[in-house]
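Fold and geometry: a report
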Amino acid sequence: MGWTLPAAARGVWVKIPAVEVIEVLATAGVDFVVVDREHGAIDLRAMNAMIAVGHALGLPVFVRVPGHAPAEVQPALDAGASGVFVPHVDDRARALEVVDACRFPPLGHRHGSPTNRAGDWGTVDVAELVRRGNEGVMLVAQVETPDAVANIEGILDVAGVDAVFIGPFDLALSSGLAAASPDFVTLVEQVERAAAGRTALGGVAPATRADDLVAKGYSFVLVGADTTLLADSARELTRRGVG
């Protein structure tokens, strides 16, 4: 069920609730996708179908869950997501709460049921279900506020957090800083230094700049969203007078 990060993995956000998007991106050769239930129009039924198609095509499907509560995290885990991106993990206490919701005992208090995709529809025993949940599902904490940056050491110290992801748009909004400003760059660099050699680090960059982040030590990069890729292609067509 889980996913071992390939070197310099490139992924795409998926906001459109259509399994065909997963098929297209798998055919294109992306390394992984993140189904966006925080900002996309994707309900639980669509999410389940997208994960199923990803499994069939060998494409890891992560889910950005809408919040931290167990009820918001559990459906993606039961559906067999390769991992979850959890928004606004601002301090050690919140990181502990998220791990508690995502991991089975003794590492947490995640609820379980073997009769779903995560349990291969009742064909795995309890020990294997627990092993998959605790070792095979990647937990990514999103760092999106100045508080999260200030508390990054405590977040990284929490066992069970497999990666941190810098959310540049929300970090710029919450800090009131322009993304190109030196003070904003300083915030990002603080996270980069803290994560170096300790955990996987993810970020956002256009495909043309993904190599720059990889060279800085990023493990994975989100290079766009399905909506953005579609919009950019449509604008290019209309710019050329085709449409």
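The notes below deal with the structure included here. Position numbers for residues count from 1 along each chain, tracking the sequence in the order it is written. For a predicted model such as this one, the threshold for reporting local features is a pLDDT of at least 70, and the threshold for listing and counting side-chain atom pairs is 80 or more; totals across whole chains, interfaces and linings nevertheless cover every residue. Remark: hydrogens and water are excluded; side-chain values derive from all non-hydrogen atoms of the structure.

Strand-to-strand pairing in sheets goes through backbone hydrogen bonds, with the strands running parallel or antiparallel. Between any two strands, pairing holds if DSSP finds at least two bridges. Every helix listed is a DSSP run of H or I at least four residues long, and every strand listed is a run of E at least two residues long, numbered separately from the N terminus. Pairing is parallel in the closed barrel, where eight strands are placed in the order β1-β2-β3-β4-β5-β6-β7-β8. Strand-to-strand, the axes of this sheet are offset by a mean angle of 25°, without reference to chain direction. Where strand β7 (residues 200-204) lies against strand β8 (residues 220-225), three bridges are found, and the strand directions are parallel. Bridging from a neighbouring strand, Gly 203 pairs with Val 221 of β8. To define axes, lines are fitted to C-alpha atoms, for helices over the stretch in contact only, and angles between the resulting N-to-C directions are given on a 0 to 180 degree scale.

What follows deals with the environment of Ala 93. Following the sequence through the fold, Ala 93 ends up in helix α4 (residues 92-102). Taking the C-alpha atoms as reference, Ala 93 lies 12 Å from Glu 153; in sequence the two are 60 residues apart.

Attention shifts here to unusual backbone geometry. A cis amide bond, omega 10°, links Pro 105 with the succeeding residue Pro 106. With respect to the helices and strands, the residue Pro 106 is situated in the loop between α4 and α5 (126-135). With a phi angle near 50°, His 88 is a residue other than glycine that sits in the positive phi range. Along the chain, His 88 falls in the loop between β4 (83-86) and α4. A positive phi angle is found at Trp 121, which is not glycine, with a value near 55°. Topologically, Trp 121 is positioned in the loop between α4 and α5. Three labels apply to residues, based on accessible area from a 1.4 Å probe with only protein chains included: buried if under 20% of the type maximum, exposed if over 50%, partly exposed otherwise in between. The class of Trp 121 is exposed, set by a relative accessible area of 55%.

Let's shift gears to the pairing of strand β1 (residues 9-14). Of all six residues that make up β1, five are buried, and the element is covered over most of its length. In terms of strand pairing, β1 meets β8 through four bridges, oriented parallel. Bridge assignment links Ala 9 to a residue of β8, and that residue is Phe 220. Bridge count for β1 against strand β2 (residues 32-36) is four bridges, and the pairing is parallel. Within β2, the position partnered with Val 12 by the bridge is Val 33. With respect to chirality, the unit in which β1 leads through helix α1 (residues 19-28) into the neighbouring parallel β2 is right-handed. We call a crossover right-handed when, viewed with both strands directed away from the observer, the connection leading from the first strand over the helix to the second proceeds clockwise.

The next subject is the packing of aromatic side chains. Geometry of aromatic contacts follows a simple scheme: Phe, Tyr and Trp rings, the Trp one being its six-membered ring, pair when their centres are within 6.5 Å, and the pair is stacked under 30 degrees between planes, edge-to-face over 60, tilted otherwise. Inspection of every chain in the model, using the stated rule, returns eight aromatic pairs. Look at Phe 85 and Phe 220: their rings are 6.1 Å apart centre to centre, the planes differ by 80°, and that puts the pair in the edge-to-face class. Of the two residues, Phe 85 sits in strand β4 while Phe 220 sits in strand β8, which places them 135 residues apart along the sequence. As far as burial versus exposure is concerned, Phe 85 and Phe 220 are alike and both buried. The positively charged end of Arg 64 is found above the aromatic ring belonging to Trp 13, 4.0 Å away from the centroid. Geometrically, a lysine NZ or arginine CZ counts as sitting over a ring once it is within 6 Å of the ring centre and also within 35 degrees of the ring normal.

So, about empty space enclosed by the protein. Of the grid points, spaced at 1 Å and generated over the protein atoms alone, those admitting a 1.4 Å probe that cannot get out make up cavities, while open sets with protein on both sides within 12 Å along at least five of seven lines make up pockets; any residue with an atom within 4 Å of a point is treated as lining. Grid points are joined across faces, edges and corners, and a volume is the space filled by probe spheres set on the points. Under the definition given, this model contains one cavity of 30 Å³ or more. Considering only enclosed or pocket space, the largest cavity measures out at about 60 Å³ in volume. Lining of the largest cavity is provided by 11 residues; of these, Arg 110, Ala 118, Arg 132, Gly 133 and Val 137 occupy positions nearest its centre. If one sorts the elements of the lining of the largest cavity by residue count, α5 sits on top with three residues.

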